[in-house]
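What follows is each chain in one-letter form.
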Amino acid sequence: MKKITVSLIIINGIQLLIGISIWIYIGIARLTGVNLTLYLAVSLMLLCNVATIVGLYLAMRYTNHDLEDSIHNLERLNAKLRAQRHDYLNHFQVIYGLMELEEYGEAKKYLAPVFKDIMKVSKALRTSQPAVNALLQVKMEAAERERIDFYPEIRSELSALPIEPWSLCKILANLIDNSIYVLSGEEKEEKKIILEMSEDAESYRFVVSNNGPAIPADMQSEIFRMGVSSKKEEGHGMGLYIVREIVKEAGGDIALWSDETKTTFEIRLPRRRHDS
């Protein structure tokens, strides 16, 4: 994709240079009676070339930013796995020592948080998309810092996605971040986020639910519009709009349900045609 974008920028750049040459030539020749319509047509062509180059450049930067986020998440996941591997031997030595002393209760108590940590990473590694796996690990850690229980229920390897993995990461990141945000301000005893990933013969299904406050009914139909947000601070209102645009471009759809007990976003993306 990056090579195609760069090629298009180069081609349009060449066209722009040729057009400028023609424009200058006509501008000079205009004094001798060149048709004004032709002059304006070439000017319009130059403006189109400039707009195309700018659009392609911004698209490439947008893609690069998504790739950088994915790489950063992968680095964090790799560091997490290396740290776990390094600690395994120490954990086993402690547990073995407790077992030798017949301190079975203490051994079980010591093992519980270790096992919980291992299972968290294990749950984040169930798809065939490393970028998605890394994102889930990062978001589970973010939820844990806010004392929010994160429950990923993954029943798909995501092997035939109709979009790039980093685009799916942008969808999931926005939905999960929104859930973390609304729950972080709650004082309830149990705060939880549930992420479901599944598939059937025709499509992939992604569901993100949280038990935070309800989204007002009059806002539910508007929340995917640019600039609309339930957050009080300024500068929000782009996340769900970006999600909708990615889903729409992929030929999928998105739905929202919200009441006093649960808010749920459901996304369906079609499988690749050659994999159907």
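Everything that follows concerns the structure shown earlier in this document.
None of the values given here were measured: they were computed from a predicted structure.

**Details of the pattern of salt bridges**
Consideration 1: If you walk through the whole model with that rule in mind, you get 10 salt bridges.
Consideration 2: Between Arg-155 and Glu-153 there is a salt bridge, with its nearest N and O atoms 3.7 Å apart.
Consideration 3: With a relative accessible area of 33%, Glu-153 lands in the partly exposed category.
Consideration 4: Residues Arg-205 and Glu-266 are paired through a salt bridge, measuring 3.1 Å at the closest nitrogen-oxygen approach. With Arg-205 in strand E3 (residues 203-210) and Glu-266 in strand E5 (residues 263-270), this residue pair connects regions lying 61 residues apart in the sequence.
Consideration 5: Judged by its relative accessible area of 22%, Arg-205 is partly exposed.
Consideration 6: Using a relative accessible area of 15% as the deciding quantity, one classes Glu-266 as buried.
Consideration 7: The structure contains a network of salt bridges with shared partners spanning Glu-153, Arg-155, Glu-196, Asp-200, Arg-205, Glu-266 and Arg-268.

**Structural notes on the sheet that holds strand E4 (residues 253-258)**
Consideration 1: Taken in spatial order, the 5 strands line up as E1-E2-E3-E5-E4 in an open sheet, and their pairing is mixed. Whereas interior strands pair on both sides, the edge strands pair on one side only; in this sheet they are strand E1 (149-154) and E4. With direction set aside, neighbouring strand axes in the sheet form an average angle of 10°.
Consideration 2: Bridge count between E1 and strand E2 (residues 192-199): 6 bridges; the pairing is parallel.

**What to know about the packing of aromatic side chains**
Aromatic ring pairs are reported here in terms of the distance separating the ring centres and the angle at which the planes meet.
Consideration 1: Across all of its chains, the model carries 2 aromatic pairs by this definition.
Consideration 2: Aromatic pair Phe-224 and Phe-265: ring centres 6.1 Å apart, planes at 90°, arrangement edge-to-face. Here Phe-224 is found in the loop between helix H6 (217-220) and helix H7 (239-249), whereas its partner Phe-265 is found in strand E5, with 41 residues between them in sequence. Comparing Phe-224 with Phe-265 shows no difference in burial state: the two are buried.

**Quick word on helix H4 (residues 130-145)**
Consideration 1: For H4, spanning 16 residues, the distance from its first C-alpha to its last is 23 Å, which sits close to the expected 22 Å at 1.5 Å a residue.
Consideration 2: Across the 16 residues that make up H4, a large majority, 13, are buried.

**Details of the nonpolar core**
Consideration 1: In this structure, Leu-172, Met-197 and Phe-206 are the most contacted members of the largest nonpolar core, which totals 41 residues.
Consideration 2: Elements supplying a minimum of two residues to this core: H4, E1, helix H5 (165-184), E2, E3, H7 and E5.
Consideration 3: Excluding anything up to four places from it in sequence, Leu-172 contacts Val-132, Leu-135, Leu-195, Met-197 and Phe-206.

Reading the values: the criteria
- Residues numbered from 1 in each chain as written.
- Predicted model: local features only at pLDDT ≥ 70, side-chain atom pairs only at ≥ 80, totals over all residues.
- Heavy atoms only, no water.
- Salt bridge = Lys/Arg side-chain N within 4 Å of Asp/Glu carboxyl O.
- Buried < 20%, exposed > 50% of the residue type's maximum accessible area, 1.4 Å probe, protein only.
- Helix = DSSP H or I, 4+ residues; strand = E, 2+ residues; numbered from the N terminus.
- Pairing = 2+ DSSP bridges.
- Axes fitted to C-alpha atoms, helices over the stretch in contact; angles between N-to-C directions.
- Phe/Tyr/Trp six-rings, centres within 6.5 Å; stacked < 30°, edge-to-face > 60°.
- Expected span 1.5 Å × (residues − 1).
- Core = buried A, V, L, I, M, F, W, Y, C linked by side-chain atoms within 4.5 Å.
- Contact = heavy atoms within 4.5 Å.

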